[in-house]
Every structure is written in C-alpha cells, then in structure tokens.
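Summary of the model geometry
Listed below are the residues making up each chain.
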Amino acid sequence: MQDPQRLTLPPTVVATHLRSCAEELAAGLRCGGPGATTTELTDVVAHLVAGQEAISHALAGLAARVEAGSNALAAAPPLDVEVVTEVLRAAAIASRCSAEALDEVTPSFECVSESVAPDTRL
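These notes cover the structure that comes with them.

Rules behind the numbers
- Residues numbered from 1 in each chain as written.
- Predicted model: local features only at pLDDT ≥ 70, side-chain atom pairs only at ≥ 80, totals over all residues.
- Heavy atoms only, no water.
- Helix = DSSP H or I, 4+ residues; strand = E, 2+ residues; numbered from the N terminus.
- Buried < 20%, exposed > 50% of the residue type's maximum accessible area, 1.4 Å probe, protein only.
- Contact = heavy atoms within 4.5 Å.
- Core = buried A, V, L, I, M, F, W, Y, C linked by side-chain atoms within 4.5 Å.
- Patch = residues over 30% accessible without salt bridge, like charges linked within 9 Å, V, L, I, M, F, W, Y side chains within 5 Å.
- Areas by Shrake-Rupley, 256 points an atom, 1.4 Å probe, with all protein chains shown as cover.
- Salt bridge = Lys/Arg side-chain N within 4 Å of Asp/Glu carboxyl O.
- Axes fitted to C-alpha atoms, helices over the stretch in contact; angles between N-to-C directions.
- Parallel < 35°, antiparallel > 145°, perpendicular 65-115°, else oblique.
- Left-handed = near helix turned anticlockwise from the far one by under 90°.
- Nonpolar A, V, L, I, M, F, W, Y, C, P; charged D, E, K, R; others polar.

**Some remarks on the side chain of Ser95**
Take Ser95: it is sitting in helix H3 (residues 78-115). For Ser95, a relative accessible area of 6% puts it in the buried group. In this structure, Ser95 is in contact with Gln52, Ile55, Ser56 and Leu59, ignoring residues within four places of it in sequence.

Here you go:
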C-alpha cells in the first residue's frame, strides 16, 4: 500500500502559521497569564526542541536554495547573494544550538516537575 500523498502548503502559509503559533505561545507564557503546570512546561520545552530543530532544517534549506539558485539570481549582486546564504546558514546553526541547549536542560525541567505537586502552575 502506498503512502497517501502528503499535502504541501506554500512556504509563506506555513511560515505565517508558525509565526502566529509562536506569538500565541509567547503571549500565553508571559507572567500574568493563566499559567501552565510544570508537566505542561516540560512538554512545551520538548516541542520547542523539535521546533527549533525543524527551523534549523528550514533555514539550511533556504540557504541551499539561494546558493543553488545563483543562476536565477544572476541579476542580484553576487556579494549580496553570498551574504544572504551565509546569514541563513548561521541562523540554521544558531537554531540548532538553541535546540541542543534546550534538550540538555530537559532533565532539569523533569526534575523540577517531579519535585512539586502535579497541579503546580507557573
């Protein structure tokens, strides 16, 4: 049996949705909001790790497309194309480093969560 064809949305639609979700998450986690349990926050960190890794791959993919599209971008100044490519690569690395740092702190989040009552909200 073949896998069903994967629905592919335009990158701008996906990026807009990502931004909206990130803004909603940021607003929900600001002090003064309804808060979340420590277990929920541990889950949020796990999702953020995966999200940062996905963003890293997306940025690396953008860099590869810009670099591979140098013929299509022939009218653009070559130095600018090179700068954009390098900045996208650096951002991909930074995002991956962010994911790695968050992943390293996961055991501490779990320890904090296990140290308090299950309904403790922050």
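**Some points on the nonpolar core**
Leu59, Ala63, Val66, Val81, Leu88 and Ala92 form the largest nonpolar core, which has 6 residues in total. Those elements giving two or more residues to this core turn out to be helix H2 (38-68) and H3. Those residues in contact with Leu88, other than ones at most four positions away along the chain, are Leu59, Leu62, Ala63 and Val66.

**Some details on a nonpolar patch on the surface**
Residues Leu7, Leu9, Val13 and Val14 make up a contiguous nonpolar surface patch of roughly 380 Å² in combined accessible area. Mapped onto the elements of the fold, Leu7 is located in the segment before helix H1 (11-29). Judged by its relative accessible area of 68%, Leu7 is exposed.

**Describing the packing of H1 against H2**
Taken N-terminus to C-terminus, the directions of H1 and H2 make an angle of 150 degrees; their axes are 13 Å apart at the nearest point. With respect to H2, the axis of H1 lies roughly antiparallel. In the crossing of H1 with H2, the sense of the turn from one axis to the other is left-handed. Contacts from Leu18, Leu25 and Leu29 of H1 reach H2 at Leu41, Val44, Leu48 and Ile55. For the contact of H1 with H2, the per-class residue count stands at 7 nonpolar, no polar and no charged.

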